[in-house]
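Structural overview for review
Residues per chain are reported as follows:
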Amino acid sequence: MKKKNIDCRGMLLVFLAAAILILAHCSPAAAAEAIVLGDERTDEYMPLLDGKRIALFANHSAMVKGEHLLELLLRHGEHVTVLYTPEHGIRGDRAAGETIEDGTDPVTGIPIVSLFSGVSGSAKPSSETMSKFDTLVIDIQDVGLRYYTYYIAVCDLLEECAVHGKKVILLDRPNPNGHYVDGPILDMKLKCHIGRLPIPVVHGLTLGELMNMAIGEGWLNLLQELDFTVIPCRNYTHQTPYTLPVPPSPNLPNMKAVYLYPSLCPFEGTVMSVGRGTDIPFQCIGHPALKKKYHYSFCPQSVKAAPNPPLLGQVCYGVDLSRKKESELRKKHMDLSYIVEAYKVFQRQGMGDSFFVKGHVSNLGEVEYFDLFMGQSYVREAIRAGKSAREIRSMWRHDVESFIEKSKPYLLYERKER
């Protein structure tokens, strides 16, 4: 009988210990550690909007606990008069590089104004649309890459808001690639629709920090002083992992693609496919000519996210990166080894001269497209010269170090030094 009492007391102690652990995790102190996005901090920015005509720059990613920011603003009785949209459209379902037309939101009847005109890049808002609002609210999920175009539209908007005396409120979000800085700084001679500011490929800043820096460093053409406010996140540091609740664009469907994007997007300056038109875009690479080298294959098809992908209908042989663990990819940073190895295979087959492709850009003419992604020509030249990924990466070390130092005054969140 005594033994049973001892067993019962032991079980009770185990139960109580488990309950205490559960309560601890559910306590206000633990809950306070959750990241609070800028758009969730309504007490901070809603009072600034009362009685104002509001323009909203956003897309499908502007979700506030399951509700779109537009719906939230309207529910609070705010007067939204204009919807500005970037590449991929207001719903985030348009293909990369596809021209976005002006229109009208079918649900609210609010005018939609496009800030993306296809391969010619961003389209600045007209004076007519600028006259329709007093305050611009920005809420969009960026991924921290110089060639990811959302920030370019924001730069254009800020310049126009300064000209027209409009207030700007940016609701900040975490940068999923904000835990590191990597890649060469843009040579401003290559400034174009996929590169606007003199920053590394992976700049490591949130959109709010990046715009603070662009203003502070004089990178924007602000003809008058700009009334600019960032509503920062809470409980976020640059080392805090952040899983995006909504894919930021059609061809970045998951976190693996987001982490691989810095390394694989420059392939779009080559003849190879990065999986557009498959169910794993930016998680595989390949080309029909690599059949002898690789067994893995995929075949790009016309899909909504990529109606006319590179190498459409052709069987491509290459590497499947979709099976790698997210945690492993997050640690990799920008990895040029994929491109270096692919170029070597082409070169051994006597096709090295066809690996990099040229394209026409409205403000530059015909250029090596790969250079636009990297922001410099020396990377392509070093690959052609047979240098290793590690050797090439060392060439931009000074760029990274100088940018990290220069960006310190503009940080809103803690960042561990390299």
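In this text, all values refer to a predicted model and were calculated from it rather than measured experimentally. (Residues numbered from 1 in each chain as written. Predicted model: local features only at pLDDT ≥ 70, side-chain atom pairs only at ≥ 80, totals over all residues. Heavy atoms only, no water.)

**Some words on the overall build of the chain**
If you tally the helices and strands in the chain, you get 14 helices and 16 strands. Across the 418 residues that make up the chain, the buried fraction comes to 54%. Contacts in the chain between residues at least 24 apart in sequence constitute 71% of all its contacts with a sequence separation of at least 6. (Helix = DSSP H or I, 4+ residues; strand = E, 2+ residues; numbered from the N terminus. Buried < 20%, exposed > 50% of the residue type's maximum accessible area, 1.4 Å probe, protein only. Contact = heavy atoms within 4.5 Å.)

**Quick word on unusual backbone geometry**
Positioned with a positive phi, lysine 65 is a non-glycine residue whose angle comes to about 50°. Mapped onto the fold, lysine 65 is located in the loop between strand E2 (63–64) and strand E3 (67–68). Relative accessible area serves as the criterion here: at 73%, lysine 65 is assigned to the exposed category. Even without being a glycine, histidine 333 presents a positive backbone phi close to 60°. Along the chain, histidine 333 turns up in the loop between helix H9 (326–332) and helix H10 (337–348). Residue classification places histidine 333 among the partly exposed residues on the basis of a relative accessible area of 22%.

**What to know about the environment of glycine 386**
Its location among the elements puts glycine 386 in the loop between helix H12 (378–384) and helix H13 (389–395). Of the residues examined, glycine 386 reaches a relative accessible area of 47% and is grouped as partly exposed. When the C-alpha atoms of glycine 386 and tyrosine 343 are compared, they prove to be 9.1 Å apart, with 43 residues separating the residues in sequence.

**Remarks on H10**
Here H10 contains twelve residues, and its C-alpha end-to-end distance of 16 Å stays within 8% of the 16 Å for a straight helix at 1.5 Å per residue. Of the residues making up H10, those classed as buried are Tyr338, Ile339, Val340, Ala342, Tyr343, Val345 and Phe346. If you follow the buried residues of H10, they end up packed against helix H8 (255–264), strand E12 (284–287), H9, helix H11 (369–374), H12 and H13. One or two positions beyond H10, positive phi appears at glycine 350, with a value near 75°. (Expected span 1.5 Å × (residues − 1).)

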